[in-house]
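Residue-level structural notes
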Amino acid sequence: MCINSQLQELQLIQHSLLPGESFSFALPPEDSRIWSSLLHSFNTATTLSSLPSPVPQVKFQVKTTDARIFFEVQFPERYPEDSDVDTAQVPFISVNGEGISRDEHYRWRAFVQEKSAEVQGDDFPIYQLLCMHLLPKLHEDGHSVDTAGTMDIIEQQSTNRLPEPADYHTLLTSHHLVSPTKRRSLQRWSSELSISGFAKVGYPGVIYAQGSQENIQEFVANVKSMQWLALRVRFVEPIDLANDEHHRGWTEFQKVGEVVEEMKRRGRDKYITEMGIGSSALQ
């Protein structure tokens with residue numbers, strides 16, 4: 001059984017979830033306890049005293065708070081080692097939920113199959129499928145339902161809408177930020193684009209930047225163009241920098257606690273703590 005590879009992908013999925021997204025095992029209580037212990041040991045780099053033989057196959061669910069639909073995934077015993085040569089070792093993904101019409105279920109199944117084909121051959125295909133395709137699509141559909149009734153109001157107000165602020169800020173996270181090349185690139189882009197911010201190096205990687213809308217959008221595009229493990233763009237949104245005294249230069253931090261303190265200094269710690277980044281540092 002390819003336990004280490006499966007645990008690594010489960011860890012990626014778990015650590016890449018945004019607020020409103022949840023991960024849970026869909027197993028009998030004893031099997032859930034086994035996998036919870038395995039994942040905890042993998043996350044904390046500790047060694048279990050003993051393992052059951054055989055280890056039960058893992059099955060888990062990923063849900064969002066703003067959608068009725070959720071996904072259930074089961075890893076076969078020899079996934080991902082033999083999944084390219086044995087279709088029996090390809091993970092099974094089901095679309096579930098209450099009150100789903102037959103057409104809606106069919107549409108989602110087709111979407112899952114389409115995106116599964118796109119990620120086939122990637123190092124972590126189920127992570128890519130869930131975090132890069134299925135969950136964003138769930139949020140998109142959920143928000144489209146929520147806002148459908150307000151489109152007329154938005155259209156009526158559009159002519160009176162004030163211009164958007166010229167300044168923007170962004171927060172990105174990744175599994176890690178270690179590469180000297182990436183760190184130098186971030187420093188160079190901050191200078192070339194006249195933006196300020198910081199990068200937290202190590203595990204996990206955290207990047208925060210603020211500046212003009214055009215430059216921040218270019219900065220985000222530059223970051224996304226590089227090869228990352230579990231890169232997530234948490235937000236790119238307007239911000240008022242008129243009275244900001246801390247929008248100069250680029251800094252690197254080594255610890256999550258330093259990130260929290262810096263965001264406190266900028267009066268923006270809620271952007272970090274609301275996403276669960278550095279919550280342990282506040283306790």
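My aim in this report is to walk through the structure given alongside it, one point at a time. (Residues numbered from 1 in each chain as written. Predicted model: local features only at pLDDT ≥ 70, side-chain atom pairs only at ≥ 80, totals over all residues. Heavy atoms only, no water.)

Summed over the entire model, instances satisfying the criterion amount to 10 aromatic pairs. These aromatic residues form a ring-pair network of at least three members: Phe-23, Phe-25, Phe-60, Phe-75 and Tyr-79. If you follow Lys-182 out to its NZ or CZ, it ends over the ring of Trp-228, 4.1 Å from the centre. (Phe/Tyr/Trp six-rings, centres within 6.5 Å; stacked < 30°, edge-to-face > 60°. Lys NZ or Arg CZ within 6 Å of the ring centre and 35° of its normal.)

Each strand in a sheet pairs with another by means of backbone hydrogen bonds, the pair being arranged parallel or else antiparallel. Across the sheet, which stays open at both edges, the five strands sit in the order S8-S5-S7-S6-S9 with mixed pairing between neighbours. Bordering the open sheet on either side are strand S8 (232-238) and strand S9 (250-253), each of which pairs with just one other strand. Along the sheet, successive strands turn relative to each other by an average axial angle of 10°, direction set aside. Sheet analysis places strand S5 (residues 167-174) next to strand S7 (residues 205-212), joined by eight bridges and oriented antiparallel. Counterpart to Leu-171 in the pairing with S7 is Tyr-208. This element, helix H6 (residues 180-192), spans strand S6 (196-200), S7 and S9 of the sheet and lies at about 155° to S9. Sitting on the sheet, helix H7 (residues 213-224) is in contact with S5, S7, S8 and S9, with an inclination near 150° to S7. (Pairing = 2+ DSSP bridges. Helix = DSSP H or I, 4+ residues; strand = E, 2+ residues; numbered from the N terminus. Axes fitted to C-alpha atoms, helices over the stretch in contact; angles between N-to-C directions. Contact = heavy atoms within 4.5 Å.)

Our focus in this paragraph is the pattern of salt bridges. Taken as a whole, this structure holds nine salt bridges when the rule is applied. One salt-bridge network, held together by shared partners, links Glu-114, Lys-115 and Glu-118. (Salt bridge = Lys/Arg side-chain N within 4 Å of Asp/Glu carboxyl O.)

Turning to H6, a few remarks are in order. Counted at 1.5 Å a residue, the expected span for H6 with its 13 residues is 18 Å, and the 18 Å between its end C-alpha atoms agrees. Within H6 the residues assigned to the buried category are Lys-182, Ser-185, Leu-186, Trp-189 and Ser-190. Take H6 and look down its axis: the buried residues cluster within an arc of 130°, on one side only. Among the exposed residues of H6, those pointing more than 90 degrees away from its buried face are Arg-184, Ser-191 and Glu-192. (Expected span 1.5 Å × (residues − 1). Buried < 20%, exposed > 50% of the residue type's maximum accessible area, 1.4 Å probe, protein only. Arc of directions from axis to C-beta.)

Moving on, we come to the sheet that holds strand S2 (residues 59-64). Spatially, four strands are ordered S1-S2-S3-S4 in an open sheet, and the strand pairing comes out antiparallel. Since the sheet does not close on itself, it has two edges, and those belong to strand S1 (21-25) and strand S4 (92-97), each with one partner. Here the strands of the sheet are splayed against their neighbours by 20° on average, with no regard to which way each runs. Packing of helix H1 (residues 3-16) onto the sheet brings it into contact with S1 and S2, and relative to S1 it is tilted by some 145°. Taken strand by strand, helix H3 (residues 102-119) contacts strand S3 (69-74) and S4, and its axis lies near 150° from that of S4.

Here we come to the pairing of S6. With respect to burial, S6 is a largely interior element, five of its five residues being buried. In S6, alternate side chains face the same way, and those of Ser-196, Phe-198 and Lys-200 on one face and Gly-197 and Ala-199 on the other are all buried. As paired strands, S6 and S7 are joined by five bridges and run antiparallel to one another. In the strand pairing of S7, Lys-200 is matched with Val-206. Alignment of S6 against S9, held across four bridges, turns out to be parallel. The residue bridging Lys-200 from the neighbouring strand is Phe-253, located in S9.

Omega for the peptide link from Tyr-79 to Pro-80 comes to 0°, which places this bond in the cis form. Here Pro-80 shows up in the loop between S3 and S4. Of the consecutive residues Tyr-203 and Pro-204, the connecting peptide bond is found in the cis state with omega at -5°. Along the polypeptide, Pro-204 turns up in the loop between S6 and S7. Even without a glycine there, the phi angle at Ser-194 is positive, about 55°. Mapped onto the elements, Ser-194 comes out in the loop between H6 and S6.

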